[in-house]
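This is what each chain is made of:
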Amino acid sequence: MPQSFNKIWIHAIWGTKYREPIIELGIEQKVHQFMSDQLREHGCPVRIINGMPDHVHCLFLQNPKKSIAEIIKQVKGSSSFYVNQNELITGKFAWQKGYGAYSVSESGVERVFQYIKNQKRHHQRKSFQEEFERFCHLHGISP
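Residues numbered from 1 in each chain as written. Predicted model: local features only at pLDDT ≥ 70, side-chain atom pairs only at ≥ 80, totals over all residues. Heavy atoms only, no water.

*Asks:* Would you explain the overall build of the chain in this entry?
*Replies:* Looking only at helices and strands, one finds five helices and four strands in the chain. Each helix and strand of the chain, ordered N terminal to C terminal, gives the series β-α-β-β-α-β-α-α-α. Against the globule reference of 15 Å for 143 residues, the chain gives a C-alpha radius of gyration of 15 Å, in line with a compact fold. Principal axes of the C-alpha set define a box for the chain whose edges measure 55 × 35 × 25 Å. Across the 143 residues in the chain, those meeting the buried criterion constitute 46%. Within the chain, residue pairs in contact and separated by at least 24 positions form 71% of the contacts whose partners lie at least 6 positions apart. Surface summary for the chain: the accessible area is close to 8,500 Å², and the carbon and sulfur share equals 52%. Across the chain, the centroid of the 19 positively charged side chains sits 4 Å from that of the 13 negatively charged ones. (Helix = DSSP H or I, 4+ residues; strand = E, 2+ residues; numbered from the N terminus. Rg over C-alpha atoms; globule rule 2.2 N^0.38 Å. Buried < 20%, exposed > 50% of the residue type's maximum accessible area, 1.4 Å probe, protein only. Contact = heavy atoms within 4.5 Å. Areas by Shrake-Rupley, 256 points an atom, 1.4 Å probe, with all protein chains shown as cover. Lys, Arg positive; Asp, Glu negative; His and termini not counted. Charge placed at Lys NZ, Arg CZ, Asp CG, Glu CD.)

*Asks:* Is there a simple way to explain the side chain of His57 in this structure?
*Replies:* Tracing the chain through its elements places His57 in strand S3 (residues 55–61). When its relative accessible area of 0% is taken as the criterion, His57 is described as buried. Looking at His57, its side chain comes within polar contact range of the side chain of His11, at 2.8 Å. Among the polar contacts made by the side chain of His57, one reaches the side chain of Gln119 at a distance of 2.9 Å. (Polar contact = N/O pair within 3.5 Å; in protein donor to acceptor, adjacent residues only side chain to side chain.)

*Asks:* Help me understand the nonpolar core, please; the structure alone is not making it clear to me.
*Replies:* Across soluble globular proteins, you tend to see nonpolar side chains buried next to one another. Of all hydrophobic cores here, the largest spans 23 residues; its most connected members are Trp14, Val31, Met35, Leu39, Phe60, Phe93 and Trp95. Of all the secondary-structure elements, those providing two or more residues to this core are strand S1 (9–15), helix H1 (25–41), strand S2 (46–52), S3 and helix H2 (68–85). Among all residues touching Trp95, those that are not within four sequence positions of it are Trp14, Gly15, Thr16, Lys17, Ile23, Val31, Met35, Val56, Lys76, Ser79 and Ser80. Formed by 15 residues, the second largest nonpolar core is a distinct cluster that contains Leu59, Ile116, Phe135 and Cys136. (Core = buried A, V, L, I, M, F, W, Y, C linked by side-chain atoms within 4.5 Å.)

*Asks:* I'm lost on the packing of aromatic side chains in this one. Help?
*Replies:* Between two aromatic rings, the relevant description is the distance of the centres plus the angle of the planes. Overall, the coordinates contain three aromatic pairs when judged by the stated rule. Pairing Phe93 with Trp95 gives two aromatic rings, centres 5.0 Å apart and planes at 90°, and the pair type is edge-to-face. The burial state of Phe93 is the same as that of Trp95; both residues are buried. An aromatic cluster is built from Trp14, Phe93 and Trp95, whose rings are joined through pairwise contacts. The residue whose ring lies beneath Arg47 is Phe113, and the NZ or CZ to ring-centre distance is 4.3 Å. (Phe/Tyr/Trp six-rings, centres within 6.5 Å; stacked < 30°, edge-to-face > 60°. Lys NZ or Arg CZ within 6 Å of the ring centre and 35° of its normal.)

*Asks:* What am I meant to see in a positive patch on the surface here?
*Replies:* A contiguous patch of positive charge, built from Arg111, Lys117, Arg121, Arg125, Lys126 and Arg134, is present on the exposed surface. One can find Arg111 in helix H3 (residues 109–117). On the basis of relative accessibility, which here comes to 61%, the residue Arg111 falls in the exposed class. (Patch = residues over 30% accessible without salt bridge, like charges linked within 9 Å, V, L, I, M, F, W, Y side chains within 5 Å. Salt bridge = Lys/Arg side-chain N within 4 Å of Asp/Glu carboxyl O.)

*Asks:* Mind showing me how you'd approach H2 here?
*Replies:* Along an α-helix, residues three or four positions apart point the same way, because every turn accommodates 3.6 residues. Between its terminal C-alpha atoms H2 stretches 25 Å, which fits the 26 Å expected from 18 residues at 1.5 Å a residue. Tucked into the core, H2 has its buried residues touching S1, H1, S3 and strand S4 (100–104). Taken from the residues just after H2, Glu87 is the one with a positive phi, measuring 50°. (Expected span 1.5 Å × (residues − 1).)

As structure tokens, this is what we get:
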């Protein structure tokens, strides 16, 4: 094959430090938009970003020239800096160290999109911890 092709959808999830509910409705859109812009700048087209006050979900195409770890480190670092530099919250904003990242088949993209879009409704029934443990179990990962 004379060319290389890839199309890898990533569903990434990470929380605020100590899972503090600090991404309030007043700043949520600004934070999500900034993260979306950062992903696009790094060659990762974004389908959706949404979440709760204590965590976010991102669905994006992975840039084949960058590792998932590099991409997420950049987005987390720059978005923390953005929130703190613009004083969007009282106190210091930070993300937790870890994250979850899962591949999504093309046939599953719409289902994951809807899941991320409906985060607030979804979390009326499940906590972040329950959700994260479920994802780990589904993907054969021991948290």
